[in-house]
Amino acid sequence: MRHSFSKGGIHPPQNKTASRTIHLQPLPMTACVPLTQHIGSPAIPVVERGATVSRGMMIARDASFVSASVHAPISGTVSAIDNVIMPNGKPAQAIVIKASEEQHAADTIARERYWAQIIPGDTDRELSEKLSSEEIRRYISQAGIVGLGGATFPSHVKLSLKPEQKPEILILNGCECEPYLMCDDALMSTYPARIVEGVELMMKAGGIPKAVIAMEDNKPEAAEAIRRAIDPGQNISLTVLRTKYPQGGEKQLIEAVTGRRLASGALPISVGAVVHNVATAFAVWQAVATGLPLIERVITITGDIPAEQRRNYMAAIGTPFSEFQFTLPAEARAIVGGPMMGRTAVNLDAPVTKGTSGLTLLAGKSRRPVQACIRCGACVDACPMGLEPYLLSAYGRLRLFDEARQADVADCLECGACSWSCPSSRPLLDYIRIAKQRSRK
Ligand code: SF4
Ligand code: SF4
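Treat the numbers as computed from the prediction; the structure is a model and nothing was measured. (Residues numbered from 1 in each chain as written. Chains lettered and ligands numbered in written order. Predicted model: local features only at pLDDT ≥ 70, side-chain atom pairs only at ≥ 80, totals over all residues. Heavy atoms only, no water.)

1. Points about the overall build of the protein
The test is simple: Each helix is a run of DSSP H or I of at least 4 residues and each strand a run of E of at least 2, with the numbering of both proceeding from the N terminus. What the globule rule says is 2.2 Å times the number of residues to the power 0.38, and the radius of gyration is computed from C-alpha atoms. Burial classification: accessible surface area is computed with a 1.4 Å probe over protein chains only, and a residue below 20% of its type maximum counts as buried, one above 50% as exposed, and the rest as partly exposed. We call two residues in contact whenever any of their non-hydrogen atoms come within 4.5 Å of each other. Residue burial considers only the protein chains on display, and all accessible areas are found by Shrake-Rupley using a 1.4 Å probe. Residues scored as charged are limited to Lys and Arg (positive) and Asp and Glu (negative), so that His and the chain ends carry no count. Working definition for charges: the position is that of NZ of Lys, CZ of Arg, CG of Asp or CD of Glu.
Secondary structure summary: the protein contains 14 helices and 17 strands in total. The globule rule puts the C-alpha radius of gyration for 441 residues at 22 Å, and the 21 Å found for the protein is close to it. Along the three orthogonal principal directions, the C-alpha set of the protein runs to about 65 × 50 × 45 Å. Taken across its 441 residues, the protein has 54% of its residues classed as buried. Put simply, of all contacts in the protein between residues at least 6 apart along the chain, 74% involve residues at least 24 apart. Here the protein has roughly 19000 Å² of accessible surface; of this, 51% comes from carbon and sulfur atoms. Charged side chains of the protein number 48 positive and 42 negative; the gap between the two group centres comes to 6 Å.

And the structure:
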């Protein structure tokens, strides 16, 4: 029997039907690049309105150690540094770049050449040996790389480990346990050798002696590709886990891979583990080996749309969602991310950001009416953190935030397994989120 985490978990329908091919989404003529695409201080603009920028140039610098710089995804002129409306309808400061026809054409040619030479290019197994840990961390920081699994924590910070912290294992999260999404699957299937090189660089950067690339058993092509890309001499292995949601949660993944359990509030390094996403490893390889900062990423466009429109795209940061090819289903509900942990989007002119894994477009289905709690305990059984979701939700609804804190609401992953399991269709997670936010000290 394959491993998984021990507590709770659910098996929602996978719906992973997008094509695994990565299509190059055309560069936008106008790119809106938010200054906050990461956890930590917003980046500080280093360009002014009217400035001419080239693709890949830094346009905002990291404001502190826990921050990330931002680069121009297209060449053009800075037309504004102002609030733009994000998918959730809220404003965020962004640098807006407009390209001329000539700039757009030149960028397009250079980008197509770049991607054409990535697949057949020779693998440089010695890359990590030529550079010091500090040099690799500097590359990662200067490239503005953040956790691409959705957490968006600056990656150089996570790899700035002290020897006394005793890092033992780097776990690469390739689980992609969210239904519908396939961007990591596509990346692992297409660029397995580059991901493995990125893993070596990260091991060196963090002084971590071994690594495990972990994925679920619903990705046999990706598993085979990664298996073939790993050299027997490398301290890197592949672990295939039993598919169960939310396996990609940091605590769940560490337990599934190592058998070690994280205490409430503890960091992964307390059990010797460091966790990064496989797409982050790819971005690290790109930054170090090709000098390309984080200006594009793979995203999945999927959901209740025609089969030929369910695709994975290499998309420039700042591309409006409305520029992708899809036919909106009737009474569509658009979700940035997957249906379990993603957030409803009300503005599809908002841009793709570093943390965007996909856009899931679901046809409006009449929701079942919310009914009274029947105390069945299904939400408790589903919770991977061993919490009592019905109780936390009641605390949120009744504004009993001290009680919520005492009941460990801070441990909630916001995975939505409780809401998904509830036969009374109670919006458990909505109220738990309120309790979590309001009970923070
Ligand atoms: S959303 Fe929170 S409370 Fe609900 S199952 Fe996930 S971790 Fe448990
Ligand atoms: S799953 Fe729903 S009905 Fe069952 S105990 Fe939890 S909140 Fe109540």
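2. Points about the side chain of His38
Test applied: The definition of a polar contact used here is a pair of N or O atoms within 3.5 Å, where within protein one atom must be able to donate a hydrogen and the other to accept one, and adjacent residues in sequence count solely through side-chain atom pairs.
With respect to the helices and strands, the residue His38 is situated in the loop between β2 (30–34) and β3 (44–45). The exposure class of His38 is buried, given its relative accessible area of 6%. A polar atom in the side chain of His38 sits 2.7 Å from the backbone oxygen of Ser41. With residues up to four places along the chain from it excluded, the contact list for His38 reads Ala43, Ser67, Ala68, Val146 and Thr152.

3. Quick word on the site of ligand 1
To keep things clear, this is the line we draw: Note on definitions. A residue lies near a molecule or strand when any single heavy atom of the residue is within 4 Å of it. Under this grouping Gly is polar, as are all residues other than the nonpolar Ala, Val, Leu, Ile, Met, Phe, Trp, Tyr, Cys and Pro and the charged Asp, Glu, Lys and Arg.
With respect to spatial proximity, 13 residues lie near ligand 1, and among them Cys383, Cys412, Cys415, Gly416 and Cys418 are the closest. Of all the secondary structure elements, the ones that give two or more residues to the shell around ligand 1 are α13 (417–421) and α14 (428–438). Residue composition of the shell around ligand 1, by class: 11 nonpolar, one polar and one charged.

4. A short note on the site of ligand 2
For ligand 2, the set of nearby residues contains 13 residues, the closest of which are Cys373, Cys376, Gly377, Cys379 and Cys422. In terms of residue class, the shell around ligand 2 is built from nine nonpolar, two polar and two charged.

5. Section: the nonpolar core
To keep things clear, this is the line we draw: Buried residues of nine kinds, namely Ala, Val, Leu, Ile, Met, Phe, Trp, Tyr and Cys, make up a nonpolar core once their side-chain atoms join them within 4.5 Å.
Core analysis: the largest hydrophobic core is formed by 57 residues, its most contacted members being Leu170, Leu172, Ile195, Val199 and Ile213. With nine residues, helix α9 (residues 278–290) is the single largest residue contributor to this core. Once residues within four sequence positions are removed from consideration, Leu172 is found in contact with Val199, Met202, Ala211, Val212, Ile213, Ala214, His276, Asn277, Val278 and Ala281. Core analysis: the second largest hydrophobic core is formed by 17 residues, Leu27, Val53, Val70 and Ala99 among them.

6. A look at the side chain of Arg55
Inspection of the secondary structure puts Arg55 in the loop between β4 (52–53) and β5 (58–61). Of the polar contacts made by the side chain of Arg55, one reaches the backbone oxygen of Pro73; its length is 2.8 Å. Within the structure, the side chain of Arg55 is placed 2.9 Å from the side chain of Glu296, a separation counted as a polar contact. When near neighbours in sequence (up to four residues on either side) are disregarded, Arg55 contacts Leu27, Ala72, Pro73, Ile74, Ser75, Asp107, Arg111, Ile295 and Glu296.

7. Notes on the domain arrangement of the protein
Here is the rule: Where each domain begins and ends follows an automated or database-derived domain assignment. Buried area counts how much accessible surface, traced with a 1.4 Å probe, disappears from two parts once they are put together, with both parts' losses summed. Salt bridges, as used here, are contacts in which a Lys or Arg side-chain nitrogen is within 4 Å of a carboxyl oxygen on Asp or Glu.
The domain architecture assigned to the protein consists of domain 1 (127–290) and domain 2 (378–438). Just the C-alpha atoms count here: the centres of domain 1 and domain 2 sit 29 Å apart. Domain 1 puts six residues into the contact, and the matching count from domain 2 is five residues. Taken over both partners, the interface formed by domain 1 and domain 2 buries close to 490 Å², and the fraction arising from carbon and sulfur atoms is 55%. The interface formed by domain 1 and domain 2 contains zero salt bridges. Linking domain 1 with domain 2 are three residue pairs in polar contact (both at pLDDT 80 or more).

8. Some words on the packing of helix α3 (residues 133–142) against helix α6 (residues 192–206)
Where we set the bar: Only C-alpha atoms enter the line fits that serve as axes; for helices the fit covers just the stretch in contact. Angles between N-to-C directions range over 0 to 180 degrees. Take the far helix as the reference: if the near one is turned anticlockwise from it by less than a right angle, the crossing is left-handed, and if turned clockwise, right-handed.
Close contact between α3 and α6 brings their axes to 7 Å; oriented N to C, the two are set at 115 degrees. Taken as a pair, α3 and α6 cross one another with a handedness that is left-handed. Between α3, through Ser133, Ile136 and Arg137, and α6, the contact on the second element is made entirely by Leu201, Lys204 and Ala205. Its residues placed into classes, the contact of α3 with α6 shows three nonpolar, one polar and two charged.

9. With respect to the sheet that holds β3
Which entries qualify depends on this criterion: The rule for pairing is simple: two strands pair if DSSP sees at least two bridges between them.
Strand order in the open sheet made by the three strands is β3-β5-β6, with antiparallel pairing throughout. Two strands lie at the open edges of the sheet, namely β3 and β6 (70–71), each paired on one side alone.

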